[in-house]
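# Per-entry structural report
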Amino acid sequence: MRDLAITIFTILTLILFTERSAVSQDTAGAEVTWDQVKPVFQKRCFACHRGEQSRGGLDLSTVGGIKAGSTSGAAVVSGKPEESMIYTLPAHLEDPQMPPNGAKLPQRELDLIFGWIHGGLSERVTAATAPSSKPIRPAMNRPRPRIAAPATAKTEIASLPMAEVQAALMDISATKTLVTTARPLKHVVTAVATSPTASLVAVAGHREVMIYQWTDQSLVTTVPFSPGDVFTLRFSRDGNILLVGGGIGGTSGKAAGFDVATGSTLFEVGSESDVVLAADLSPNGRFVALGGPSRTVRVFDTISGDKVAEMKKHTDWVLSLAFSNDGLLLASGDRFGSLQIWEADSGNPFHTLRGHSGAIHGLVWSADSNTVMSVSEDATVREWDLHQGRQLRLLREEIGGLLATDATAAGSFIVGGRGGKLAVWQKPDHRLREISMDDEVTDLAITQDGTHVIAADVTGNVRLFNLESGIEAGQFVLP
Ligand code: HEC
């Protein structure tokens, strides 16, 4: 069955690519248009250059924004790429290099930017992307799993312009999903969290959260999350409140607390201009901290709903947040790899902890609140001493970039990552075992009794594993 699916997939891919190559030949030598160059800026620059909070005052998300330039002047000279900062900075011909601290853009993307400026900043829509009589594929408004195109398609991809590659990948990914799964468009599970006091696990669904009994994987209840897509889940330390954070990309973000017993909404805080990617409840349940692409950490009082602190030291998206167990400190990690520690009540900076060179996706405090552990896409786990503000321990993880973690009260922990694997560590430094998932691990949580882990991957599988044996003990069926 799997072989058949792959064959169908390959055939479809070939058809798709033949079609696309024909299109690209038709348009060869033609001007580069905005819809072709926009995906490059989107992928490489929008994180810092989109909308009102753009760095250097330069908004690269619209042609108007590009023409308006940066705070220091023009960013583009039509027809003259070599005099245009939006080309010379990413091409590393001038300083500051863009993106800052990042690798130089691939040549074909630079060629697109060059061609677009050279051709006079065309806003026309190309034939390749113009609406056509072809059936429109279902929109996928959530993160799409990255997939590796088969070898036959890869060489084709290399010779296509970026915009077409993106379009093709979207097509492949939609096609693949339709071909290989019975249910169309399986949902990417962005977050899972376990109750610290009961045998419950919360799993992020599409604008809702499913709560299961993990012991028999039965669905207990479903809680709707009206603010949008769910990006983060956390139970309160007494297990009574489920904190849900999320929103609508580029538009709005909120965090809401639900009564686990009744499913009713207890509070809703934040009126962010982008999604909430990280959130935590203080140990006494009184405060909620949240963060996201705004790079600002905000703390709200759950009773009054008021904002009580706002912390602005992060230079990139805030991806992880955790209050210490004594409630005195708050740790926040960002996509750039910087880790900030704040005084929870005042919001005053306490420590800036430097070491990670990749996004920080997980934070866990020690039971006594003396240390915090951070896991990062740089494939390391670090433990930090909060009294002295220095790194205590560094573990290099073989499974690659780390995207999720959880720990037991006794200090054992699990990490999961890009390579589709989980690694189980027992205190202090014993790597017990590795567990394989189907794909990139999006989140994981250890059960309240410390015997099992529940992990989700980008293909939408949510699986239960016994930690002692490493053997799969069940799967969660999503509605
Ligand atoms: C991680 C954040 C980040 C990313 C990603 C990024 N930039 Fe920037 N960019 C900045 C910052 C910060 C400044 C302001 C630098 C300064 O004023 O010294 C800036 C400034 C600029 C400027 C104006 C420089 C000036 O002196 O006026 C241009 C042009 C620019 N960026 C282009 C780009 C392009 C093109 C990309 C994508 C290929 C990109 N940037 C990606 C952070 C970023």
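Heads up: these notes are all about the structure in this document. In this text, all values refer to a predicted model and were calculated from it rather than measured experimentally. (Residues numbered from 1 in each chain as written. Predicted model: local features only at pLDDT ≥ 70, side-chain atom pairs only at ≥ 80, totals over all residues.)

### Quick look at the overall build of the chain
For clarity, the cut-off: To qualify as a helix, a DSSP run of H or I must reach at least 4 residues; to qualify as a strand, a run of E must reach at least 2; elements of each kind are numbered from the N terminus. Put simply, a residue is buried when 20 or more other C-beta atoms lie within 10 Å of its own C-beta and exposed when 12 or fewer do; between those, it is partly exposed, and each C-beta is set from the backbone.
When you go through the chain residue by residue, the secondary structure sums to seven helices and 28 strands. Residues counted as buried form 42% of the 479 residues belonging to the chain.

### Examining the packing of helix 2 (residues 34-44) against helix 5 (residues 107-118)
What counts here: Note on geometry: axes are lines fitted to C-alpha atoms, helical ones only across the stretch in contact, with angles between N-to-C directions running from 0 to 180 degrees. For this classification, under 35 degrees means roughly parallel, over 145 means roughly antiparallel, 65 to 115 means roughly perpendicular, and everything else is oblique. Less than a right angle of anticlockwise turn of the near helix away from the far helix marks a crossing as left-handed, whereas a clockwise turn marks it as right-handed. Contact between residues is assigned whenever the C-beta positions, reconstructed from backbone atoms, fall within 7 Å.
Contact geometry for helix 2 and helix 5: axes closest at 9 Å, N-to-C directions at 135 degrees. In terms of their interaxial angle, helix 2 and helix 5 are classed as oblique. Read as a crossing pair, helix 2 and helix 5 show a hand that is left-handed. Contact with helix 2, carried on its side by Gln36, Val37 and Val40, involves Glu109, Leu112, Ile113 and Trp116 of helix 5 and no other residues of that element.

### Observations regarding the sheet that holds strand 22 (residues 413-417)
Filter applied, for reference: Strands are labelled as partners when DSSP assigns at least two bridges between them.
Across the sheet, four strands lie side by side as 21-22-23-24; this open sheet has antiparallel pairing. Since the sheet does not close on itself, it has two edges, and those belong to strand 21 (402-407) and strand 24 (430-436), each with one partner. If you compare each strand with its neighbour and ignore which way they point, the axes differ by 20 degrees on average. In terms of strand pairing, strand 22 meets strand 23 (residues 421-426) through four bridges, oriented antiparallel. What sits directly across from Gly416, in strand 23, is Leu422.

### Things to note about the sheet that holds strand 4 (residues 218-224)
Overall, antiparallel pairing links the four strands, which are arranged 1-2-3-4 in an open sheet. Looking along the sheet, the strands with just one partner apiece sit at the ends: strand 1 (192-194) and strand 4. Going from strand to strand, the sheet's axes swing by 20 degrees on average, the running direction of each strand aside.

### A look at unusual backbone geometry
Following Asp95, the chain continues into Pro96 via a peptide bond in cis, with omega recorded as -5 degrees. Following the sequence through the fold, Pro96 ends up in the loop between helix 4 (85-88) and helix 5. Cis geometry is found at the peptide bond from Met98 to Pro99, where omega equals -15 degrees. On the secondary structure map, Pro99 appears in the loop between helix 4 and helix 5. Positive phi, close to 70 degrees, is recorded for Arg295, a residue that is not glycine. Along the chain, Arg295 turns up in the loop between strand 10 (287-291) and strand 11 (297-301). Classification of Arg295 by C-beta neighbours within 10 Å gives buried; the count is 21. In this structure, Ala379 is a non-glycine residue whose phi angle is positive, near 70 degrees. You can see Ala379 is positioned in the loop between strand 18 (371-376) and strand 19 (380-385). By the C-beta count within 10 Å, which is 20 here, Ala379 ends up buried.

### Some points on the nonpolar core
Spelled out, the test is: Put simply, a nonpolar core is buried Ala, Val, Leu, Ile, Met, Phe, Trp, Tyr and Cys residues tied into one set by C-beta atoms within 7 Å.
Within the largest apolar cluster, 95 residues are counted, with the highest numbers of intra-cluster contacts made by Val192, Val203 and Val209. Leaving out residues up to four positions away in the same chain, Val192 has contacts with Val201, Ala202, Val203, Leu233, Asp443, Leu444, Ala445, Ile454, Ala456 and Val462.

### Description of the pairing of strand 5 (residues 229-235)
Of all seven residues in strand 5, seven are buried; the element is thus mostly enclosed. Where strand 5 and strand 6 (residues 241-248) come together, six bridges link them in antiparallel fashion. Paired with Phe235 across the bridge in strand 6 is Leu242.

### Here's the deal with the environment of Ala255
As for its position among the elements, Ala255 is in strand 7 (residues 252-259). With 22 residues separating them in the primary sequence, Ala255 and Leu233 have C-alpha atoms 9.4 Å apart. Contacts of Ala255, omitting those with residues within four sequence positions, involve Leu243, Val244, Gly245, Val269, Gly270, Val276, Ala279, Val288 and Leu290.

### Thoughts on the site of the ligand
For the record, the criterion: Working rule for contacts: place C-beta from the backbone, and if it is within 6 Å of a molecule or strand, that residue counts as near it. Three categories are distinguished: nonpolar for Ala, Val, Leu, Ile, Met, Phe, Trp, Tyr, Cys and Pro, charged for Asp, Glu, Lys and Arg, and polar for the others, with Gly belonging to the last.
Neighbouring the ligand are 20 residues; Cys45, Cys48, Arg55, Gly56 and Met98 lie closest to it. Per-class residue counts for the shell around the ligand are 14 nonpolar, four polar and two charged.

### A word on helix 5
Put simply, the rule reads: Take the residue count of a helix, subtract one, and multiply by 1.5 Å to get its expected span. Picture the helix axis, draw a direction to every C-beta atom, and the arc is the one those directions span.
In this model, helix 5 (twelve residues) spans 16 Å end to end at C-alpha, consistent with the 16 Å of a helix rising 1.5 Å per residue. For helix 5, every residue scored as buried is listed here: Glu109, Leu112, Ile113, Trp116 and Ile117. The buried residues of helix 5 occupy an angular sector of 125 degrees when the element is viewed end-on, so they sit on one face. Looking at the residues trailing helix 5, positive phi occurs at Gly120, about 95 degrees.

### Digging into the pairing of strand 25 (residues 441-446)
Buried residues dominate strand 25, accounting for six of its six residues. Of the pairings in the sheet, the one linking strand 25 to strand 26 (residues 452-457) comprises five bridges and is antiparallel in character. Bridge assignment links Val441 to a residue of strand 26, and that residue is Asp457. Here strand 25 folds back onto strand 26, and the loop between the two strands holds five residues, one of which, Gly450, carries a positive phi near 75 degrees.

### Considerations on the environment of Val77
Within the element layout of this structure, Val77 appears in the loop between helix 3 (63-68) and helix 4. For Val77 and Lys67, which are ten residues apart along the polypeptide, the C-alpha to C-alpha distance reads 8.5 Å. Apart from the residues lying within four places of it in its own chain, the contact partners of Val77 are Glu83 and Ser84.

### A few points about the environment of Thr352
Residue placement: Thr352 occurs in strand 16 (residues 349-353). With 38 residues separating them in the primary sequence, Thr352 and Arg390 have C-alpha atoms 9.3 Å apart. Sequence-distant contacts of Thr352, defined by excluding residues within four places in its chain, comprise Ser338 and Gln340.

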